[in-house]
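# Descriptive analysis of the structure
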Amino acid sequence: MGTGRGGTGGNDTLLVIGSGLKVYREYLIAPIRRRARAAGLDMVLLNNLKPTWQRDYFDEIIVANVFDSGAMAAAAREVAGRRRIVGLMCWDEPLVLDAGLLAAEFGVPGLSVPGVRGCRDKRRTRAELTAAGLYQPGFELTTTAGQARAAADRIGYPVVVKPRAMGASIGVVFAADAAEVEAAFRIALAASEVDPGPYRASAMVEGYAPGPEISVDGAVHKGEYLPMFLARKHSSDQPYFEEVGHLVDAADPLMADQELMSTLTRAHRALGIEDGITHSELRLTPRGPLVIEINGRLGGDLIPFLGRTATGIEPGEVLFDVATGQRPDTRPTRRAVAGIRFGYPERDCVLRSVRVPAEAPGLVAAAPMAEPGTTLRLPPGGYLARHSFVVCEADDTRTCLDRLDTAAGLVEVAAGPIGPPDPDAPFAMPAGLLDVDE
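Residues numbered from 1 in each chain as written. Predicted model: local features only at pLDDT ≥ 70, side-chain atom pairs only at ≥ 80, totals over all residues. Heavy atoms only, no water.

With that settled, consider the overall build of the protein. Of the regular secondary structure elements, the protein holds eleven helices and 19 strands. Its C-alpha atoms give the protein a radius of gyration of 21 Å, within 12% of the compact-globule value 22 Å for 438 residues. Pairs at least 24 residues apart make up 70% of the contacts formed inside the protein by residues separated by at least 6 positions. Surface summary for the protein: the accessible area is close to 16900 Å², and the carbon and sulfur share equals 49%. (Helix = DSSP H or I, 4+ residues; strand = E, 2+ residues; numbered from the N terminus. Rg over C-alpha atoms; globule rule 2.2 N^0.38 Å. Contact = heavy atoms within 4.5 Å. Areas by Shrake-Rupley, 256 points an atom, 1.4 Å probe, with all protein chains shown as cover.)

Written out as structure tokens, the structure is:
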């Protein structure tokens, strides 16, 4: 385990920064708690909300504004002053940078300072991977619509405009020509303002690369990259790329693809990632695998839950191992297929009610994702306008997709019409959804 830092009078402690939402992260915390107890470790949570369900898993919970760098650091250092911190975990995208810097300060396993900065900053990711000789699109960081249009002219159309540091394809817009770039920039810039970190008020312009999208969740132990499971992403049509579902097949042949795995290994090495779990997103282009981004935490959208269901790999246990300096076992113990489908309205609306099925062939989980009275707006007026999700499993991909269709068709939604959004209103998402694919 890590050497840690802290007062000599307290118990050895695993520090967790940000719990996330119960429906998305409790399945991770339960096995972490089991492993911590077996190792004789306390668990302390720094979180921005008063605890509810979290009380069942943590020995101490400190409420602090973790979205403020200074407040997070002060609260973490106070804990380290009276406890010996032997591991630090964070899976909430807006908090990953500050949490990674604290892990380095406390001398416990983490992504490393270069690693966490490379993951969090999309401009730095592109620059580091390009310098390492990995296939990357042309890219430029811009802060005005004029800069974005000039960058797109230099890079060549079509392009993608995106916030410098966001997740879940929020604010990512396809632009086919010069006439579309300025509108795309305004959407991406507005989305960037949601991020509380240092990368606000800027947008990346990148060359568009065609091809299917995938993600790979993997562990890194002392620089060694260990893939766990691969998800095939299902997105909405251009120009907004909203993520409508994912599918994990334990027998996916891409997990044995040497070019893909070599690309991931080289990319992690180029960014200087040392210890942790990453969620890498790629496109399978005619020129080979293209790394879109590497995120310094587990995937959102319940992808790790799909991975556990399909492969038997327990992501919470893997996370515990890498956070405490142990090499995890990432060998699959199951061979199944699991998928998730998100429910979106056909148009902007106010949600009145949503009911999800209790039973359906292969149904593993289903839940509403928004409360009655929630305004759901589709892009560009809003993002993540999801009212529900269903998760199904099967022995093969075709059956799993059919089961997802059936289960999604059983979701009952009542909604009322709503007028167009105010064009001068700030960018917004339904409350509580920022965590779904941080």
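We now examine the pattern of salt bridges. Enumeration over the complete set of coordinates arrives at 30 salt bridges. A salt bridge links Glu 314 to Arg 308; its shortest N-O distance comes to 3.3 Å. Judged by relative accessible area, Glu 314 falls into the buried class, the value being 15%. We classify Arg 308 as partly exposed; its relative accessible area is 25%. By sharing partners, the salt bridges in this structure join Asp 42, Glu 60, Glu 78, Arg 82 and Arg 83 into a single network. (Salt bridge = Lys/Arg side-chain N within 4 Å of Asp/Glu carboxyl O. Buried < 20%, exposed > 50% of the residue type's maximum accessible area, 1.4 Å probe, protein only.)

With that settled, the discussion passes to the sheet that holds strand 7 (residues 173–175). Spatial ordering of the open sheet is given by 5-8-6-7, a layout of four strands whose pairing is antiparallel. Each having just a single partner strand, strand 5 (139–142) and strand 7 make up the two edges of the open sheet. Within this sheet the neighbouring strands show an average axis-to-axis angle of 25 degrees, counted without direction. Where helix 5 (residues 122–131) meets the sheet, it contacts strand 5, strand 6 (159–163) and strand 8 (203–207), and its direction lies at approximately 155 degrees from that of strand 5. (Pairing = 2+ DSSP bridges. Axes fitted to C-alpha atoms, helices over the stretch in contact; angles between N-to-C directions.)

On to the packing of helix 5 against helix 8 (residues 258–271), then. When two helices pack together, you describe them by how their axes are tilted relative to each other and by the distance separating the axes. Across the interface, helix 5 lies against helix 8 with an axial gap of 9 Å and an inter-helix angle of 110 degrees. By the criterion of interaxial angle, the relationship of helix 5 to helix 8 is roughly perpendicular. As helix 5 runs across helix 8, the sense of the crossing is right-handed. Across the interface between the two elements, Thr 125, Glu 128 and Leu 129 from helix 5 touch Ala 267, Ala 270 and Leu 271 from helix 8. Here the contact of helix 5 with helix 8 is built from residues that sort into four nonpolar, one polar and one charged. (Parallel < 35°, antiparallel > 145°, perpendicular 65-115°, else oblique. Left-handed = near helix turned anticlockwise from the far one by under 90°. Nonpolar A, V, L, I, M, F, W, Y, C, P; charged D, E, K, R; others polar.)

We now examine the confidence of the model for the protein. On average, the protein scores 90 in pLDDT, and the residues at 70 or more come to 91%. Taken as a whole, residues 1–9 scores under 50 in pLDDT and shows 31 contacts with residues more than four places along the chain or in a different chain. This model gives residues 430–438 a pLDDT under 50, and the stretch forms 41 contacts once residues within four places in sequence are excluded. (pLDDT = per-residue confidence, 0-100.)

Right, let's talk about the nonpolar core for a bit. Residues Ile 32, Met 89, Ile 277, Leu 319 and Phe 389 are the most contacted members of the largest nonpolar core, which totals 62 residues. Looking at this core, the element that brings in the most residues is helix 1 (residues 22–38), giving six residues. Counting 44 residues, the second-largest nonpolar core is a separate cluster that includes Ile 62, Val 66, Ala 73 and Ala 80. (Core = buried A, V, L, I, M, F, W, Y, C linked by side-chain atoms within 4.5 Å.)

Backbone torsion omega between Tyr 157 and Pro 158 reads -5 degrees, so that peptide bond is classified as cis. Examined against the element boundaries, Pro 158 turns out to sit in the loop between helix 6 (145–155) and strand 6. Within the chain, Asp 301 stands out as a residue other than glycine whose phi angle is a positive 55 degrees. We classify Asp 301 as buried; its relative accessible area is 0%. A positive phi is found at Leu 302, a non-glycine position, where the angle reads about 60 degrees. Note on placement: Leu 302 falls in the loop between strand 13 (288–295) and helix 9 (303–311).

Moving on: the pairing of strand 4 (residues 84–89). For strand 4, the buried fraction is high: five of the six residues fall into the buried class. Note that strand 1 (residues 12–17) and strand 4 share five bridges and pair parallel. By the bridge assignment for strand 4, Leu 15 is matched with Leu 88.

Relative to the assigned elements, Thr 278 resides in strand 12 (residues 276–285). A residue is classified by how much of its surface remains accessible, and Thr 278, at 0% relative accessible area, is buried. Among the polar contacts made by the side chain of Thr 278, one reaches the side chain of His 268 at a distance of 2.7 Å. Aside from chain neighbours lying at most four places away, what touches Thr 278 is Leu 111, Val 216, Asp 217, Gly 218, Val 220, Tyr 225, His 268, Ile 273, Ile 294, Asn 295 and Arg 297. (Polar contact = N/O pair within 3.5 Å; in protein donor to acceptor, adjacent residues only side chain to side chain.)

With that settled, the discussion passes to the state of the cysteines. A covalent bond between the sulfur atoms of two cysteines is referred to as a disulfide. Under the defined criterion, the tally for this structure stands at zero disulfides. No disulfide involves Cys 90; its nearest neighbouring cysteine sulfur is the one of Cys 119, lying 12 Å away. (Disulfide = S-S within 2.5 Å.)

Axis separation between helix 3 (residues 96–106) and helix 4 (residues 113–120) bottoms out at 9 Å; the angle between their running directions is 175 degrees. On the basis of their axis angle, the class for helix 3 and helix 4 is roughly antiparallel. Only Val 113, Val 116, Arg 117 and Arg 120 of helix 4 make contact with helix 3, whose side of the interface consists of Val 96, Leu 97, Gly 100, Leu 101 and Ala 104. Residues that form the contact of helix 3 with helix 4 fall into these classes: six nonpolar, one polar and two charged.

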